[in-house]
Amino acid sequence: MAFPVDLRRCQILGLAGTAFLAAGGETAGALPVRELLSPSSPHAALGLVGAYFGVVLLIAAWALLGRLVRGSAPPSPRALLTVLVIWAAPLLLAPPLFSRDVYSYLAQGAMVDAHMDVYAHGPARLGGPLAAEVAPLWQHTGAPYGPVFLGVASALSGLTRGELPAGLFGMRVVALLGVALMAAALPRLARHSGADPAAALWLGALNPLVLLHLVAGAHNDAVMLGLLGVGLVAALGRWPVLGAVLVTLAALVKAPAVLGLAAVVVLQVRAGRDRVGAVVVTAAAAAVTTVAATAVAGTGYGWIGALNTPVSPQNWALTSLLGRATGSLLEHLGSDLAPLAVPAWHAFGIVAAVVAVLVIWLRLGPRPVYALGLSLAAVAAFGPAIRPWYALWGLFLIAAAAPSGSVRHRVAAVTGVLALATLPSGGPADTGQLVLAVAGGVLAVIVLWQAHQAELAPMAGRTA
């Protein structure tokens, strides 16, 4: 007998999930240094169990909502946007979760506001309370972000005067605005691609990774994807220059979005403009936007060199894993080439990403939104560093333009795995923390199963 599903049930279950996550984050999240608890403390342990309990409830609510979207009477896009607001609400005032990157954003914004070269120096040059919140690995590392985001971070620093609570709230509001742009763009992109707008919103905006990492984690990927989405929408209409400007602004938040300019060119060609004219117009709009945005932000062009920011030694990107494994093998064999293994694999990954992008565009050029989504997924997969939220680069546009339900099902399965891949503190997990996280997830599964059984019992009695 099928488990009954309705929109209200999904709203309540997802709301419970994000509420438990927010509550657990109060002791187990990426807290300010002065509020950090020992992972072995009872409060931190309880928080970790509660946070993973909430994550599993959220995943379950999202899966049930997917069944509803695929059903005979799917909810409207407007109803799904309401669900997104309800699910996100408990996270608005929660502490940062799953990453400490937001502290780096605030420190870098303060550096720009103080007229420091944020690309030549790390937050250690700033000093003070904000710099102390940045993870040691990044204390002496220049910012890898473009002038548009650093300009926003600098403006926020001026508004909040370096106050940490106000800065964290402000960064989350910025991320929420990015998510709002994503949600606004998805239905239009889906209609253009011949896909179901409701299915696109379910996979691309209500996705647990969006809530966990873009909302709760306040990552600037939300701004990049929001600008990229509305830029593509503009290019679909009669505003190709505006589309190129918006996509360029997205790339000046994080560089991978620059691939979106290829989609802007293709969309212009499909609208009747000659290829050379489309390339010239797009390139000119991108160049002018880059110069203007950099001048306004006052950061200079150091971001180009800063794209080579070092990655964490324990990063679990495919090329990093292969590099470490190869290096260990070469060390075991006594070879002097062992230190070159990781750089060699990273170089191979870049080449593989370029080849993959070229093949994708040669095969799927007439479907630019889908080709762009797959290209961004390839860049994330073959890059030297990867985090769960990087999957959203490609997933956002794949959700809007995937040609079949089977593609969405595979992407949804990957989402479920990645949603469980990071601790709420954003740090590495020891054995005890893994046990607590698993315990929280198992507890959620037990509660869901008991609720399922309770729903089925009256139905069984009526049919007896």
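Think of each chain on its own: its residues are numbered from 1, step by step along the sequence as written. The predicted nature of this model means local features are confined to residues of pLDDT at least 70 and side-chain atom pairs, given and counted, to a pLDDT of 80 or more, with totals for whole chains, interfaces and linings taken over all residues. Processing note: side-chain calculations cover all non-hydrogen atoms of the structure and skip hydrogens and water entirely.

Peer 1: In this structure, what is going on with the overall build of the protein? I would like to understand it.
Peer 2: Looking only at helices and strands, one finds 20 helices and 0 strands in the protein. For a compact globule of 464 residues, the expected C-alpha radius of gyration is about 23 Å, and the protein comes in at 23 Å, within 12% of that figure. Principal-axis analysis of the C-alpha atoms places the extent of the protein at approximately 70 × 55 × 55 Å. Whether two residues touch is decided by their heavy atoms; if any such pair falls within 4.5 Å, the residues are in contact. Residue pairs in contact within the protein that sit at least 24 positions apart in sequence constitute 74% of those at least 6 positions apart. Residue-level accessible areas treat just the shown protein chains as cover; the underlying method is Shrake-Rupley with a 1.4 Å probe. Counting only carbon and sulfur atoms, one obtains 69% of the accessible surface of the protein, whose full area is about 20,100 Å². The centroid of the 24 positive side-chain charges in the protein is displaced by 15 Å from the centroid of its 15 negative side-chain charges. In this description a helix means any DSSP run of H or I spanning at least four residues, a strand means any run of E spanning at least two, and both kinds are numbered starting from the N terminus. All radius of gyration figures rest on C-alpha atoms, and the globule criterion is 2.2 Å times the number of residues raised to 0.38. Positive residues here are Lys and Arg, negative ones are Asp and Glu, while His and the chain termini are left out of the count. Working definition for charges: the position is that of NZ of Lys, CZ of Arg, CG of Asp or CD of Glu.

Peer 1: I keep staring at the side chain of threonine 141 and nothing clicks. Help me out?
Peer 2: Note that threonine 141 resides in the loop between helix H5 (128-132) and helix H6 (147-160). Polar contacts, as counted here, are pairs of nitrogen or oxygen atoms within 3.5 Å of one another; within protein the pair requires one atom able to donate a hydrogen and one able to accept it, and residues that are adjacent in sequence qualify only if both atoms are side-chain atoms. A distance of 3.5 Å separates a polar atom in the side chain of threonine 141 from the backbone oxygen of leucine 137.

Peer 1: Just checking my understanding: could you explain the packing of aromatic side chains for this structure?
Peer 2: Geometry of an aromatic ring pair is reported as the spacing of the ring centres plus the angle between the planes. Any pair of Phe, Tyr and Trp rings, taking the six-membered ring for Trp, is counted once the centres come within 6.5 Å. Such a pair is stacked with planes under 30 degrees apart, edge-to-face with planes over 60 apart, and tilted for the rest. For the coordinates displayed, the defined rule picks out 8 aromatic pairs. Summarising the aromatic geometry, the rings of phenylalanine 20 and phenylalanine 53 are spaced 4.7 Å apart at their centres and angled 70 degrees between planes, so their arrangement reads as edge-to-face. Here phenylalanine 20, found in helix H1 (residues 7-28), pairs with phenylalanine 53, found in helix H2 (residues 42-69); they are 33 residues apart in sequence, far enough to count as distant. Judged by its relative accessible area of 8%, phenylalanine 53 is buried. Here the term buried applies to any residue with accessible area under 20% of the maximum for its type, exposed to any over 50%, and partly exposed to those in between, with areas from a 1.4 Å probe on protein chains only.

Peer 1: When you look at helix H3 (residues 77-88) in this model, what are you seeing that I'm missing?
Peer 2: Residues spaced three or four apart along an α-helix point in a common direction, a consequence of the helix completing one turn every 3.6 residues. One fewer than the residue count of a helix, multiplied by 1.5 Å, yields its expected span. With 12 residues, H3 extends 16 Å between its outermost C-alpha atoms, agreeing within 8% with the 16 Å of an ideal straight helix rising 1.5 Å per residue. Among the residues making up H3, those that are buried are Leu80, Val83, Leu84, Trp87 and Ala88. The buried residues of H3 all sit within an arc of 125 degrees when viewed along its axis, so they share a single face. Every exposed residue of H3 that faces more than 90 degrees away from the buried side is listed here: Arg78 and Val85. Where the residues of H3 are buried, they touch H1, H2, helix H7 (164-193), helix H8 (197-204) and helix H9 (208-215). The directions from the helix axis to the C-beta atoms are what the arc is built from.

Peer 1: Please clarify how the nonpolar core should be interpreted in this entry.
Peer 2: Ranked by internal contacts, the top residues of the largest apolar core, which has 135 residues, are Leu65, Trp87, Leu189, Leu228 and Leu397. Here this core takes 14 residues from H2, the largest share from any one element. Filtering out sequence-adjacent residues up to four positions away, leucine 228 remains in contact with Val247, Ala250, Ala257, Gly260, Leu372, Leu376 and Leu397. Nonpolar core, defined: a set of buried Ala, Val, Leu, Ile, Met, Phe, Trp, Tyr and Cys residues in which side-chain atoms within 4.5 Å join the residues together. Core analysis: the next-biggest nonpolar cluster, separate from the first, contains 5 residues, Ala28, Leu48, Tyr52 and Leu423 among them.

Peer 1: Any chance you could explain helix H4 (residues 101-113) here in plain terms?
Peer 2: The end-to-end C-alpha distance of H4 is 18 Å, a good match for the 18 Å that 13 residues give at a rise of 1.5 Å each. For H4, the buried fraction is high: 11 of the 13 residues fall into the buried class. Along H4, the residues that are buried comprise Val102, Tyr103, Ser104, Tyr105, Leu106, Ala107, Gln108, Gly109, Ala110, Met111 and Val112. The elements touched by buried residues of H4 are H5, H6, H7 and helix H13 (275-297). Backbone geometry just downstream of H4 places histidine 115 in the positive-phi region, at approximately 65 degrees.

Peer 1: When you look at a nonpolar patch on the surface in this model, what are you seeing that I'm missing?
Peer 2: Together, Val291, Tyr301 and Ile304 make up an exposed nonpolar region whose accessible area comes to about 290 Å². Residue position: isoleucine 304 is located in helix H14 (residues 302-305). In this scheme, patches are assembled from residues that exceed 30% relative accessible area and form no salt bridge. Like charges are connected within 9 Å, while nonpolar side chains (Val, Leu, Ile, Met, Phe, Trp, Tyr) are connected within 5 Å. Any Lys or Arg side-chain nitrogen located within 4 Å of an Asp or Glu carboxyl oxygen qualifies as a salt bridge.

Peer 1: Would you take a moment to explain the side chain of threonine 299 for this structure?
Peer 2: Among the structural elements, threonine 299 can be located in the loop between H13 and H14. When residues no more than four places from it in sequence are discounted, the contact partners of threonine 299 are Val112, Tyr119, Pro147, Leu150 and Thr294.

Peer 1: Mind showing me how you'd approach the packing of helix H10 (residues 221-236) against helix H12 (residues 260-270) here?
Peer 2: Helix-helix packing: each pair is described by the crossing angle between the helix axes and the interaxial distance. Note on method: axes are straight lines fitted to C-alpha atoms, helices fitted across the in-contact stretch only, with angles between N-to-C directions ranging 0 to 180 degrees. Close contact between H10 and H12 brings their axes to 9 Å; oriented N to C, the two are set at 10 degrees. Judged by the inter-axis angle, H10 sits roughly parallel to H12. Considering how the two elements wind past one another, H10 and H12 form a crossing that is right-handed. Between H10, through Leu228, Leu232, Ala235 and Leu236, and H12, the contact on the second element is made entirely by Gly260, Ala263, Val264 and Leu267. Residues are grouped as follows: nonpolar covers Ala, Val, Leu, Ile, Met, Phe, Trp, Tyr, Cys and Pro; charged covers Asp, Glu, Lys and Arg; every other residue, Gly included, is treated as polar. Here the residues of the contact of H10 with H12 are counted per class, giving 7 nonpolar, 1 polar and no charged. Note on angle classes: values under 35 degrees are labelled roughly parallel, values over 145 roughly antiparallel, values of 65 to 115 roughly perpendicular, and the remainder oblique. Note on convention: near helix rotated counterclockwise from far helix by under a right angle means a left-handed crossing. Clockwise means right-handed.

Peer 1: Hey, could you run me through the environment of alanine 325 in this one?
Peer 2: Tracing the backbone shows alanine 325 in helix H15 (residues 318-332). Sequence separation between alanine 325 and lysine 254 is 71 residues, and the spatial gap between their C-alpha atoms is 29 Å.

Peer 1: Can you help me understand unusual backbone geometry in this one?
Peer 2: Excluding glycine, a negative phi dihedral is what most residues carry, and trans is how most peptide bonds are arranged. Backbone geometry places histidine 115, a non-glycine residue, at a positive phi of 65 degrees. You can call histidine 115 exposed: its relative accessible area is 76%. A positive phi is found at alanine 218, a non-glycine position, where the angle reads about 55 degrees. Within the element layout of this structure, alanine 218 appears in the loop between H9 and H10.

Peer 1: Would you mind going over empty space enclosed by the protein with me for this structure?
Peer 2: Where empty space is left can be seen by rolling a probe of water-molecule size over the atoms. Grid spacing is 1 Å over the protein atoms alone, the probe is 1.4 Å, and a cavity is where that probe fits but cannot get out, while a pocket is an open set with protein on both sides within 12 Å along at least five of seven lines and lining residues have an atom within 4 Å of a point. Grid points are joined across faces, edges and corners, and a volume is the space filled by probe spheres set on the points. Here the structure, examined in full by the defined rule, presents 1 cavity of 30 Å³ or more. There is about 50 Å³ of room inside the largest cavity. Lining the largest cavity, in full, are Leu106, Leu130, Ala153, Ser157, Thr160, Gly162, Glu163 and Gly167. Grouping the constituent residues of the lining of the largest cavity by class yields 3 nonpolar, 4 polar and 1 charged.

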